[in-house]
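Commentary on secondary and tertiary structure
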Amino acid sequence: MTDAGDRRDAQGRGVVAAPLRIEAHALGRGGAVPVVRTGMGERKSRNAAVRLRSVPALVIAGMGAGMRGLKPGEVVVATEVRDPSGHVRVCPWADEVAAALREAAASASLGPVVHTGPVATVRKLVRPAEREALAARGVVAADMESSFLLGGSAEDRPWAVVRVVSDAPGHELLRPGIVRNGLKAYTSLKVVAPVLSAWLRGPHPAAAPDETADPAVSSAPDGRNEADLTRTPKAPGAQAPQAQGPRAPEAPQAPQAPGMVSEQDGGDDVRPRRDA
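Regarding helix 4 (residues 128-136)
Taken together, the buried positions of helix 4 are occupied by Arg-131, Leu-134 and Ala-135. Angularly, the buried residues of helix 4 cover 100° about the axis, an arc narrow enough to put them on a single face. Exposed residues lying more than 90 degrees from the buried face of helix 4 are Ala-129 and Ala-136. Against the buried residues of helix 4 lie strand 3 (58-66), strand 6 (114-121), strand 7 (141-143) and strand 8 (159-167).

Here's what the structure looks like:
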């Protein structure tokens, strides 16, 4: 039985949700447990949100688009999350999370700078004109998932949104330096990962977990601390497909550099990493 006074799932741990594979990899390498990959964009995020309702605490973490004054690798903790229609959801735990991240950064020789402010969820890549418009409304960073992943969750469930800047004014997408900037963001995600896990284990009150918790959320296959919510769950009693004869070997795939998004992560092609 899980103590409702802890931010924990049915196995005694909070959940860190990362939309992209590269984000989940960085967080897992940094020590965040468990990490669930939710997929890129609105549709996959809404689907994942349904399965995440059973967890009593949630951190959404990944890369995002920074506004003016921010640099790649810097961290933004959302004080509020704005959806594309303008609805605002205020985060009561933002200062607490930011303080923990700043304390960890201060103890590290090259810890990332930590900012707080509004994060906007958008439906398309943020270009320079859109970036200026968002900044004019007070937005500090933008992504393509957070408001959708939070949709329908309990108001008293502890949650936080933490985005590491992968692109910003002067460091736009589709320009030289995107891989270098992606590496900076990847490194910062590794740095913040153990802090987020520690926060999820904190003593502040949280809603009791749903007794019908989705096993894909609270545990990962093969003993790993990572699960994938982008896969469609198999129906009970479903039979595995029968072999159709030998398959031709697949061509080896080139390794994906940090800062890139591929079809496997929900994109339509391989391109420099989205802003969100």
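What about the packing of helix 1 (residues 21-30) against helix 6 (residues 178-200)?
Across the interface, helix 1 lies against helix 6 with an axial gap of 7 Å and an inter-helix angle of 55°. Classified by the interaxial angle, the pair formed by helix 1 and helix 6 is oblique. Viewed along their axes, helix 1 and helix 6 form a crossing whose handedness is right-handed. For the pair formed by helix 1 and helix 6, the contact residues are Ile-22, Glu-23, His-25, Ala-26, Leu-27, Arg-29 and Gly-30 on the first element and Tyr-186, Leu-189, Lys-190, Ala-193, Pro-194 and Leu-196 on the second.

Notes on the environment of Val-162
Tracing the sequence through the fold places Val-162 in strand 8. For Val-162, a relative accessible area of 0% translates into the label buried. When sequence neighbours within four positions are dropped, the list of residues in contact with Val-162 reads Ile-60, Ala-61, Gly-62, Val-75, Val-76, Val-77, Val-97, Leu-101 and Leu-196.

Observations regarding the nonpolar core
Core analysis: the largest hydrophobic core is formed by 67 residues, its most contacted members being Leu-27, Leu-101 and Leu-196. The greatest single-element share of this core, amounting to nine residues, is contributed by helix 6. When sequence neighbours within four positions are dropped, the list of residues in contact with Leu-101 reads Val-75, Val-77, Val-114, Val-162, Val-192, Val-195 and Leu-196.

Some thoughts on the packing of helix 3 (residues 94-107) against helix 6
Two quantities define a packed helix pair, namely the angle between the axes and the distance from one axis to the other. Interhelical geometry of helix 3 versus helix 6 gives an angle of 135° and a closest axis separation of 10 Å. Regarding the angle of helix 3 to helix 6, the classification is oblique. Remark: the crossing between helix 3 and helix 6 carries right-handed chirality. Two secondary-structure elements touch here, helix 3 through Glu-96, Val-97, Ala-100, Leu-101 and Ala-104 and helix 6 through Val-192, Val-195, Leu-196 and Trp-199.

Brief notes about empty space enclosed by the protein
The probe, sized like a water molecule, is rolled over the atoms to show the empty space still left. What the rule picks out here adds up to one cavity of 30 Å³ or more. Of the pockets and cavities examined, the largest cavity occupies roughly 40 Å³. In terms of lining, the largest cavity is formed by Leu-101, Ala-104, Ala-105, Pro-112, Val-191, Val-192 and Val-195. Within the residue set of the lining of the largest cavity, elements represented by two or more residues are helix 3 and helix 6. Considered class by class, the residues forming the lining of the largest cavity number seven nonpolar, no polar and no charged.

Conventions adopted
Residues numbered from 1 in each chain as written. Predicted model: local features only at pLDDT ≥ 70, side-chain atom pairs only at ≥ 80, totals over all residues. Heavy atoms only, no water. Buried < 20%, exposed > 50% of the residue type's maximum accessible area, 1.4 Å probe, protein only. Helix = DSSP H or I, 4+ residues; strand = E, 2+ residues; numbered from the N terminus. Arc of directions from axis to C-beta. Contact = heavy atoms within 4.5 Å. Axes fitted to C-alpha atoms, helices over the stretch in contact; angles between N-to-C directions. Parallel < 35°, antiparallel > 145°, perpendicular 65-115°, else oblique. Left-handed = near helix turned anticlockwise from the far one by under 90°. Core = buried A, V, L, I, M, F, W, Y, C linked by side-chain atoms within 4.5 Å. 1 Å grid on protein atoms, 1.4 Å probe; cavity = no way out; pocket = protein on both sides within 12 Å on 5 of 7 lines; lining within 4 Å. Points joined across faces, edges and corners; volume = space filled by probe spheres on them. Nonpolar A, V, L, I, M, F, W, Y, C, P; charged D, E, K, R; others polar.

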